[in-house]
Amino acid sequence: MPHYKLTYFDIMGLAEPIRLMFAQAGVEYENVMIPDEDDDPTWEKLKPTTPHCQLPILEVDGKVLAQSVAISNYLAKKLGFDGQNEWESAKAQELVQAINDVRQQVRAWRKEEDEKKKAEILKKLEHDVVTPYFDRHEKFLAKNGSGYFVGSHVTQADLHIFNTLQWWQNNHLFTEAFKNHPKIGEFVEKIANLPNIKKWIEKRPKTAV
């Protein structure tokens, strides 16, 4: 078994779907979480040694791979979350990109400091972005018929989508959209109750993001 070392900040962020893959696969790895603080010098020292001056990075027996999507695609193949054939692999990657696109749009809410404007942004996001996303993805779940988004087993798509949706639920975001899309909530519950995922969630460091 290769020696895996994942380095990221001490938050969930871009690395959490990767950690979920390791957890679900039951594969041991070194989980390095560096302080996400402006006054801590750890990142500034590490930054120039990384391929693109960004985190996360994954080391596999000393070889370094950067960029979260590349890492996720690599581990999906290695750990069994890449679907049962090339088509399922491509569809899983499609759905990962789709949730990443939505996450990028939702970031506008987190950057706003004015509470009134923040509430307005959330309301608009729920109507214009999240509800249509849920509409589409409930149909994807119904069409696939397994309780997962692609094929009959967990893929990286399920773990990426679960990670974002559960974070929204935990932070009481888009409650109307969740209420109006019960199959989405059932999906989140299904993944959360997979024994290895449940164990990881219970023991992982508690962070704000």
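About the cut-offs
Residues numbered from 1 in each chain as written. Predicted model: local features only at pLDDT ≥ 70, side-chain atom pairs only at ≥ 80, totals over all residues. Heavy atoms only, no water. Pairing = 2+ DSSP bridges. Helix = DSSP H or I, 4+ residues; strand = E, 2+ residues; numbered from the N terminus. Axes fitted to C-alpha atoms, helices over the stretch in contact; angles between N-to-C directions. Contact = heavy atoms within 4.5 Å. Buried < 20%, exposed > 50% of the residue type's maximum accessible area, 1.4 Å probe, protein only. Lys, Arg positive; Asp, Glu negative; His and termini not counted. Salt bridge = Lys/Arg side-chain N within 4 Å of Asp/Glu carboxyl O. 1 Å grid on protein atoms, 1.4 Å probe; cavity = no way out; pocket = protein on both sides within 12 Å on 5 of 7 lines; lining within 4 Å. Points joined across faces, edges and corners; volume = space filled by probe spheres on them. Nonpolar A, V, L, I, M, F, W, Y, C, P; charged D, E, K, R; others polar.

As annotated in an unreviewed UniProt entry, the protein carries the name Glutathione S-transferase and is attributed to Plectus sambesii.

Engineer: What should I look at first to understand the sheet that holds strand β2 (residues 30–34) in this one?
Structural biologist: Each strand in a sheet pairs with its neighbour through backbone hydrogen bonds, running either in the same direction (parallel) or in the opposite one (antiparallel). Spatial strand order, β2-β1-β3-β4: four strands in an open sheet with mixed pairing. In this open sheet, the two edge strands, each paired with only one partner strand, are β2 and β4 (63–66). Within the sheet, the average angular offset between the axes of one strand and its neighbour, ignoring direction, is 20°. Here strand β1 (residues 4–9) runs beside β2; their pairing, made up of five bridges, is parallel. Note on β2: the bridge partner recorded for K5 is E30. With respect to the sheet, helix α1 (residues 16–25) is in contact with β1, β2 and β3 (57–60), its orientation differing from that of β1 by roughly 150°. Strands β1, β3 and β4 of the sheet are contacted by helix α3 (residues 68–79), whose axis makes an angle of about 120° with β4.

Engineer: Looking at this structure, I do not really get the side chain of E138. What am I missing?
Structural biologist: As for its placement among the helices and strands, E138 is situated in helix α5 (residues 115–144). The buried charged residue E138 lacks any salt bridge, with K183 as its nearest oppositely charged partner at 7.4 Å.

Engineer: What am I meant to see in the side chain of N163 here?
Structural biologist: Looking at where N163 falls in the secondary structure, it is placed in helix α6 (residues 156–170). Using a relative accessible area of 9% as the deciding quantity, one classes N163 as buried.

Engineer: Quick question: what am I supposed to make of empty space enclosed by the protein here?
Structural biologist: Sizing a probe to match a water molecule and rolling it over the atoms shows the empty space that remains. Considering all chains together, one arrives at one cavity of 30 Å³ or more under this definition. Its volume calculated, the largest cavity comes out at about 40 Å³. Taken together, M12, E16, R19, N31, M33, W200, R204 and P205 make up the lining of the largest cavity. Among the secondary structure elements, those contributing two or more residues to the lining of the largest cavity are α1 and β2. In terms of residue class, the lining of the largest cavity is made up of four nonpolar, one polar and three charged.

Engineer: What should I look at first to understand the pattern of salt bridges in this one?
Structural biologist: Opposite charge on two side chains allows them to pair when their charged atoms are near. Following the criterion strictly, the structure yields six salt bridges and no others. The shortest N-O distance in the salt bridge between R204 and E16 comes to 2.9 Å. With R204 in the segment after α9 (195–203) and E16 in helix α1, this residue pair connects regions lying 188 residues apart in the sequence. An identical accessibility class is assigned to R204 and E16; each is buried. Ionic pairing is found between K124 and D128, a salt bridge with its closest N-O pair at 2.7 Å. With a gap of four residues between them, K124 and D128 both fall in helix α5, about one helical turn apart. Judged by relative accessible area, which is 54%, K124 ranks as exposed. The exposure class of D128 is partly exposed, given its relative accessible area of 37%. A single salt-bridge network, built from bridges that share partners, covers E16, R19 and R204.

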